[in-house]
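Residue strings, one per chain:
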Amino acid sequence: MDCSQPSLEPAAAGPSLPGPSVIAPLRAVVRLRRRVCLLRKRRLLPPGTGPASGAGAPRPGCRSGAPHAHLDQPQFFTFDGPAEQPSRTPRKRRRRSRVVLYPETSRKCRPHAERRSRAQRCLLLLVAIVGFQVLNAIENLDDNAQRYDLDGLEKALQRAVFGQPGAVGRIVALLRDYLATHVHSRPLLLALHGPSGVGKSHVGRLLARHFRAVLEDGALVLQYHARHHCPEPRAAQDCREELAGLVADVVARAEVEEKTPLVVLDEAELMPAALLDELHSFLQPQRAHHFHNAIYVLLSSAGGSEITRFVLQNASRALPASSDGDRDGVAAVQAEEDLRAGLRSLLVQEHPLWQAAAIVPFLLLDKRDVVNCFRDEMAGEGFFPEQARAELLAAQLSYYRVAGREFAVTGCKQVVARVNLL
Ligand SMILES: Nc1ncnc2c1ncn2[C@@H]1O[C@H](COP(=O)(O)OP(=O)(O)OP(=O)(O)O)[C@@H](O)[C@H]1O
């Protein structure tokens with residue numbers, strides 16, 4: 001029954017119509033139904049509570065356009081899934097936060113993001129290899145320098161050589177530098193220059209003795225005296241060939257033993273040009289590589305008069321090699337550099353050999369150094385090294401007297417002869 005249907009009104013006229021006793025209750029029922037339908041429409045009446053309820057569903061005939069109350073809560077079971085059911089209030093999807101919270105002490109990167117590229121790994125490997133090689137090279141350098149006991153050599157020279165601290169320091173520094181490695185591109189040529197009797201040959205002998213001891217092979221040290229090995233009447237070419245053979249033997253032997261040989265050439269001022277040419281050829285890069293690994297010590301009095309003049313001109317100020325140790329550092333170093341430059345330009349005029357040489361000037365000895373030479377020689381000869389006696393002997397020698405200082409004209413050259421007379 002439709003609530004919107006027109007109500008059952010009795011017909012105005014007709015013979016077959018029931019009487020007023022039947023119509024009155026019908027009208028009451030119709031009114032009641034209308035009333036219930038109206039209440040349902042207004043949702044004032046829950047379904048199934050009306051007089052016509054019983055099954056809980058809207059009554060047929062009471063068509064309603066209004067939504068059912070509690071529609072989302074079915075009152076009986078259906079097979080409809082949640083999808084078929086009327087939509088409830090849609091849940092909002094919560095966004096996941098992308099911020100990752102790490103503990104303070106841990107690394108702040110995602111665990112899976114620690115992949116390294118191949119190039120990065122190769123680079124790390126390369127760095128490790130280079131570092132290892134550098135450490136190895138440093139160790140090898142130390143080993144090579146220790147083999148020659150240069151500290152011991154320095155102490156020996158400082159103890160035995162008087163009045164030449166600058167020359168001794170430069171010789172040791174040059175040797176230290178050269179002997180830091182065994183592989184060289186050229187030999188080391190030390191040129192010791194100075195006036196007579198200042199200790200050039202003395203230093204040459206000390207060097208030869210030291211190298212014989214540390215190399216443990218006397219054949220790796222060659223001492224060549226021009227006057228002895230190449231006396232005056234001998235042909236210079238013969239001397240040259242002999243020198244070439246001697247040096248070739250020494251460097252070849254040193255190559256086998258992986259050591260650096262020492263060649264001391266004394267009285268270079270007496271050497272014929274052919275010998276200097278041969279010596280110069282040893283320094284050339286086109287020589288076989290075993291010639292590159294050698295130390296040549298050239299002793300010469302050439303340039304002695306220039307050194308004497310230099311010392312006397314600078315007598316008033318402290319010199320690097322002065323034995324009193326009181327020196328003005330910068331001025332002294334500059335003065336010695338000037339002296340070396342002057343000597344080189346002078347010596348190169350004699351022979352190009354000196355262009356490649358490390359020049360070491362030996363300065364004049366003063367009276368105190370001569371006294372020390374006497375005491376040393378006296379002790380060596382078995383005399384008591386009495387100071388007064390040594391001073392007495394030193395006073396018998398001749399000196400340059402400049403600016404209150406006394407420089408021995410012949411150094412300690414005559415010391416041996418004078419002590420022998422005692
Ligand atoms: N500076 C010095 N310290 C200690 N002794 C020295 C010094 N100079 C010379 N003597 C002593 O004097 C002697 C002669 O010196 P040495 O032969 O070294 O002089 P030199 O400079 O080589 O001179 P020359 O050019 O004339 O050969 C040496 O045997 C040594 O005993």
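Bear in mind the structure is a predicted one, so any value in this text is a computation, not a measurement. (Residues numbered from 1 in each chain as written. Predicted model: local features only at pLDDT ≥ 70, side-chain atom pairs only at ≥ 80, totals over all residues. Heavy atoms only, no water.)

**Here we look at the overall build of the protein chain**
Now for step 1: Broken down by element type, the protein chain carries 13 helices and seven strands.
Now for step 2: The buried share of the protein chain, reckoned over its 422 residues, is 34%.
Now for step 3: Long-range pairs, those at least 24 residues apart, make up 72% of the contacts in the protein chain with a sequence separation of at least 6.
Now for step 4: Here the protein chain displays about 26,300 Å² of accessible surface, and carbon together with sulfur accounts for 55% of that area. (Helix = DSSP H or I, 4+ residues; strand = E, 2+ residues; numbered from the N terminus. Buried < 20%, exposed > 50% of the residue type's maximum accessible area, 1.4 Å probe, protein only. Contact = heavy atoms within 4.5 Å. Areas by Shrake-Rupley, 256 points an atom, 1.4 Å probe, with all protein chains shown as cover.)

**Let's talk about the site of the ligand**
Now for step 1: Lining the immediate environment of the ligand, one finds 16 residues, of which F162, S196, G197, S201 and K413 sit closest.
Now for step 2: Interatomic distance of 2.8 Å between a side-chain N/O atom of S196 and an oxygen atom of the ligand.
Now for step 3: Within the backbone of G199, one N or O atom sits 3.1 Å away from an oxygen atom of the ligand.
Now for step 4: Notes on the ligand: free accessible area 610 Å², of which the protein chains cover 86%.
Now for step 5: At four residues, the largest contribution of residues to the shell around the ligand is made by helix α5 (residues 200-215).
Now for step 6: Looking at the shell around the ligand residue by residue, the class counts come to eight nonpolar, five polar and three charged. (Near = heavy atom within 4 Å. Polar contact = N/O pair within 3.5 Å; in protein donor to acceptor, adjacent residues only side chain to side chain. Nonpolar A, V, L, I, M, F, W, Y, C, P; charged D, E, K, R; others polar.)

**Regarding helix α8 (residues 273-282)**
Now for step 1: Counting buried residues in α8 gives seven out of ten residues, a clear majority hidden from the surface.
Now for step 2: What α8 keeps buried is the set A274, L275, L276, E278, L279, S281 and F282.
Now for step 3: Where α8 is buried, its residues contact β2 (221-225), α7 (236-257), β3 (262-266) and β4 (295-300).

**Some remarks on the side chain of H210**
Now for step 1: Topologically, H210 is positioned in helix α5.
Now for step 2: Among all residues touching H210, those that are not within four sequence positions of it are Y148, D149, G152 and L153.

**Things to note about the nonpolar core**
Now for step 1: By size, the foremost hydrophobic cluster in this structure holds 51 residues, and its most contacted members are L175 and F374.
Now for step 2: Each of domain 2 (149-363) and domain 3 (365-422) contributes no fewer than three residues to this core.
Now for step 3: Ignoring any residue separated from it by four or fewer positions in sequence, one finds F374 in contact with A390, L393, A394, L397, V415, R418 and V419.
Now for step 4: Judged by nonpolar contacts, the second largest core, of 39 residues, contains Y296, A335, L343 and F407. (Core = buried A, V, L, I, M, F, W, Y, C linked by side-chain atoms within 4.5 Å. Domains from an automatic or database assignment.)

**Focus on the packing of helix α11 (residues 367-380) against helix α12 (residues 387-395)**
Now for step 1: Interhelical geometry of α11 versus α12 gives an angle of 120° and a closest axis separation of 8 Å. As judged from the angle between their axes, α11 and α12 are oblique. With respect to the hand of their crossing, α11 and α12 are arranged in right-handed fashion. Side by side, α11 and α12 meet where K367, V370, V371, F374, R375 and M378 of the first sit next to Q387, R389, A390, E391, L393, A394 and A395 of the second.
Now for step 2: Its residues placed into classes, the contact of α11 with α12 shows eight nonpolar, one polar and four charged. (Axes fitted to C-alpha atoms, helices over the stretch in contact; angles between N-to-C directions. Parallel < 35°, antiparallel > 145°, perpendicular 65-115°, else oblique. Left-handed = near helix turned anticlockwise from the far one by under 90°.)

**Some details on the sheet that holds β2**
Now for step 1: One open sheet accounts for five strands, arranged β2-β3-β4-β1-β5; its pairing is parallel. Here the strands that pair on one side only, and so sit at the sheet edges, are β2 and β5 (358-361). This sheet shows a mean twist of 15° between the axes of neighbouring strands, independent of strand direction.
Now for step 2: As judged from the four bridges shared by β3 and β4, these two strands associate in the parallel manner. For V263, the partnering residue across the bridge sits in β4 and is Y296. (Pairing = 2+ DSSP bridges.)

**Here's the deal with the state of the cysteines**
Now for step 1: Overall, the coordinates contain two disulfides when judged by the stated rule.
Now for step 2: Each sulfur in the disulfide pair C373 and C412 lies 2.0 Å from the other. One disulfide, between C373 and C412, carries an S-S torsion of 85° and so falls in the right-handed class. Of this pair, C373 sits in helix α11 while C412 sits in the loop between β7 (405-408) and α13 (415-420); the two residues are 39 residues apart in sequence, bridging distant segments of the chain.
Now for step 3: Among the residues examined, C373 registers a relative accessible area of 14% and is labelled buried.
Now for step 4: Since its relative accessible area comes to 14%, C412 is described here as buried. (Disulfide = S-S within 2.5 Å.)

**Focus: empty space enclosed by the protein**
Any empty space left between atoms is shown by rolling a water-sized probe over those atoms.
Now for step 1: Applying the stated criterion to the full structure yields three cavities of 30 Å³ or more.
Now for step 2: One number sums up the size of the second largest cavity: a volume of about 40 Å³.
Now for step 3: In this structure, the second largest cavity is lined by S201, G204, R205, Q223, Y224, H225, V264, D266 and L299. (1 Å grid on protein atoms, 1.4 Å probe; cavity = no way out; pocket = protein on both sides within 12 Å on 5 of 7 lines; lining within 4 Å. Points joined across faces, edges and corners; volume = space filled by probe spheres on them.)

**A word on the packing of aromatic side chains**
Now for step 1: What the rule picks out here adds up to three aromatic pairs.
Now for step 2: For the ring pair Y148 and F211, a centre distance of 5.9 Å and an interplane angle of 40° mean the geometry is tilted. Within this pair, whereas Y148 is found in the loop between α2 (118-147) and α3 (150-160), its partner F211 is found in helix α5, the two being separated by 63 residues in sequence.
Now for step 3: Look at Y148 and you get buried, because its relative accessible area is 0%.
Now for step 4: Geometrically, the ring pair formed by F282 and F291 is stacked, given 5.9 Å between the ring centres and 20° between the ring planes.
Now for step 5: Every member of this aromatic cluster is reached through a ring pair, and the members are F282, F291 and Y296.
Now for step 6: Here R287 stacks its cationic end above the ring of F291, 4.4 Å away from the centre of that ring.
Now for step 7: It is K367 that lies over the ring of Y399; its NZ or CZ is 5.4 Å from the centre. (Phe/Tyr/Trp six-rings, centres within 6.5 Å; stacked < 30°, edge-to-face > 60°. Lys NZ or Arg CZ within 6 Å of the ring centre and 35° of its normal.)

**Quick word on the confidence of the model for the protein chain**
Now for step 1: Averaged over all residues, the pLDDT of the protein chain is 81; the fraction at 70 or higher stands at 73%.
Now for step 2: Scored below 50 in pLDDT, residues 1-17 makes 18 contacts in the model with residues more than four places away or belonging to other chains.
Now for step 3: Note that pLDDT drops below 50 for residues 49-71; the model gives that stretch 31 contacts with residues more than four away or on any other chain. (pLDDT = per-residue confidence, 0-100.)

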